[in-house]
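What the coordinates show
Here's the letter readout for the chains.
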Amino acid sequence: MCQSAKSETEHGEATKKNISSSMLPNPPIMSRIRILKNLIILCLGFFLLFTSYQSLANLQSTLNIEGDIGIVSQSVIYVSLIISSLLLPKLIIRKLGCKWTLVLSTLTYTPYIAANFYPSMSTLVPTAVLVGLGAAPLWSAKCTYLNEISVLYAGQTSETADVVTARFFGVFFMIFQNTQIWGNLVSFLVLKPGLAVGEDGGEFSNVTSLAMFAINDSSETSVADVVCGINFCSGINENLLPPSSEKRYMLTGIFVVLSILAAVATALFLDPIHQKKEDDEEGLVSRIAATIQHLRKPNQILLVPITIFSGVEQAFILGDFSKKRVKCHKKEANKICTVYGKDTTTERTVRKWFSKNNLSDSILVIIKNP
């Protein structure tokens, strides 16, 4: 009797402990401070990587002009990116997770940046293929990671997941667009022309400046006006000559180090997120078919012109604009791209403010799948 009473008492106490422990709230998977820390690390990784890559991409039409290998390499990147977008993101993220997909994809940019030490078809084109293959998993993992931590953060606040997601993306792109500012400032400081001394002791920045000095004062047309902009002529302007080997090595070396630091920072300080692993045996044909089926949706069709415009815009800026209207005026070259980065950063800041004050729905048109 005593033993049975004792066992019943112990059983009752254990039951009470189980009930009380089940009533306690589960601790969050990731605290709010850790979520914000991961947001900063993610932004920092992209900031370091694209400070180097995007700045070099802006210079490809003038830095590597022999055989137009710079422009060819940029074209190869986007061809490779198309293939990568269909095949790799879902597969790699499922195998490696978002964190290590980000690390691995970041490292695919480093060989292309390093190829600018000795640019040629044999160095730039293969590494450009590698960049294209890594770009799609990189951006897919970034979006997935931001979405996941946004949901986790919203679960610990009174805000909806949509508001937090919009805010986190606004913070990300505000920092990301700063790459245009700081990357082009680095390029400007490294590549800025030296000063040549004329016979009368005057200083000239380059051969074009010497030619402009020789023009009759009554002439209203300068050499820069003749060979830059709408009247561009690549055979005249000395500004379009590639930089010296010393400047090339210095600039490329700085950017290689930044790209490696981006991967190291992500690997060391970004926390992994645990996603549900789903059995996915979707083949290539079915994946392509599913992508094509999206074109049957009106909202998806309406987004296609925006995507096409974005591609044409990037091609114009990286190819024609940077060569004919930016690098052609060498002293102002990277300053123009810096102003572009400042303006885009301001736009992201304004968008983040709209999201913070819950004005996004009334200001922006959000297209959702039916």
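- Taking an unreviewed UniProt entry as the reference, the protein chain is identified by name as Protein unc-93 homolog A belonging to Caerostris darwini.
- As recorded by UniProt, the Sequence similarities (unreviewed entry) comment attached to the protein chain reads in full: "Belongs to the unc-93 family."
- Turning to the protein chain, the UniProt record has this under Subcellular location (unreviewed entry): "Membrane".

1. Thoughts on the packing of helix H2 (residues 32-63) against helix H6 (residues 121-154)
- The geometry of H2 relative to H6 is characterised by a closest axis approach of 11 Å and an angle of 155° between their N-to-C directions. By the angle between their axes, H2 is roughly antiparallel relative to H6. Two packed elements cross with a definite hand, and for H2 against H6 that hand is left-handed. Within the contact between the two elements, H2 uses Arg32, Ile35, Leu36, Asn38, Leu39, Leu42, Phe46, Leu49, Phe50, Tyr53 and Gln60 and H6 uses Leu124, Val131, Leu138, Trp139, Lys142, Tyr145, Leu146, Ile149, Leu152 and Tyr153.
- Its residues assigned to classes, the contact of H2 with H6 comprises 17 nonpolar, 2 polar and 2 charged.

2. Some thoughts on the packing of helix H4 (residues 89-107) against H6
- Following both chains from N to C, one finds H4 and H6 inclined at 95°, their axes separated by 8 Å at the closest point. Judged on the interaxial angle alone, H6 and H4 are roughly perpendicular. Counting all contacts with H4, which are made through Pro89, Ile92, Ile93, Cys98, Thr101, Leu102, Ser105 and Thr106, the residues of H6 involved are Gly134, Ala136, Pro137, Leu138, Ser140, Ala141, Lys142, Thr144 and Tyr145.
- Of the residues belonging to the contact of H4 with H6, the class tally is 10 nonpolar, 6 polar and 1 charged.

3. Concerning unusual backbone geometry
- Positive phi is not limited to glycine here, since Asp68 has a value of about 55°.
- With respect to the element layout, Asp68 can be found in the loop between H2 and helix H3 (69-87).
- The class of Asp68 is partly exposed, set by a relative accessible area of 43%.

4. Thoughts on H3
- If you check H3, its first and last C-alpha atoms are 27 Å apart, about what 19 residues at 1.5 Å a residue would give, namely 27 Å.
- When we look at burial in H3, the residues that qualify are Ile69, Gly70, Ser73, Gln74, Val76, Ile77, Ser80 and Ser84.

5. Some points on the packing of aromatic side chains
- As enumerated under the stated definition, the model contains 17 aromatic pairs in all.
- Arranged with centres 5.1 Å apart and planes meeting at 70°, the rings of Phe50 and Phe176 form a pair that is edge-to-face. Of the two residues, Phe50 sits in helix H2 while Phe176 sits in helix H7 (residues 161-176), which places them 126 residues apart along the sequence. Each member of the pair, Phe50 together with Phe176, is buried.

Conventions we followed
- Residues numbered from 1 in each chain as written.
- Predicted model: local features only at pLDDT ≥ 70, side-chain atom pairs only at ≥ 80, totals over all residues.
- Heavy atoms only, no water.
- UniProt positions renumbered as here; feature names shortened; annotations may be inferred.
- Axes fitted to C-alpha atoms, helices over the stretch in contact; angles between N-to-C directions.
- Helix = DSSP H or I, 4+ residues; strand = E, 2+ residues; numbered from the N terminus.
- Parallel < 35°, antiparallel > 145°, perpendicular 65-115°, else oblique.
- Left-handed = near helix turned anticlockwise from the far one by under 90°.
- Contact = heavy atoms within 4.5 Å.
- Nonpolar A, V, L, I, M, F, W, Y, C, P; charged D, E, K, R; others polar.
- Buried < 20%, exposed > 50% of the residue type's maximum accessible area, 1.4 Å probe, protein only.
- Expected span 1.5 Å × (residues − 1).
- Phe/Tyr/Trp six-rings, centres within 6.5 Å; stacked < 30°, edge-to-face > 60°.

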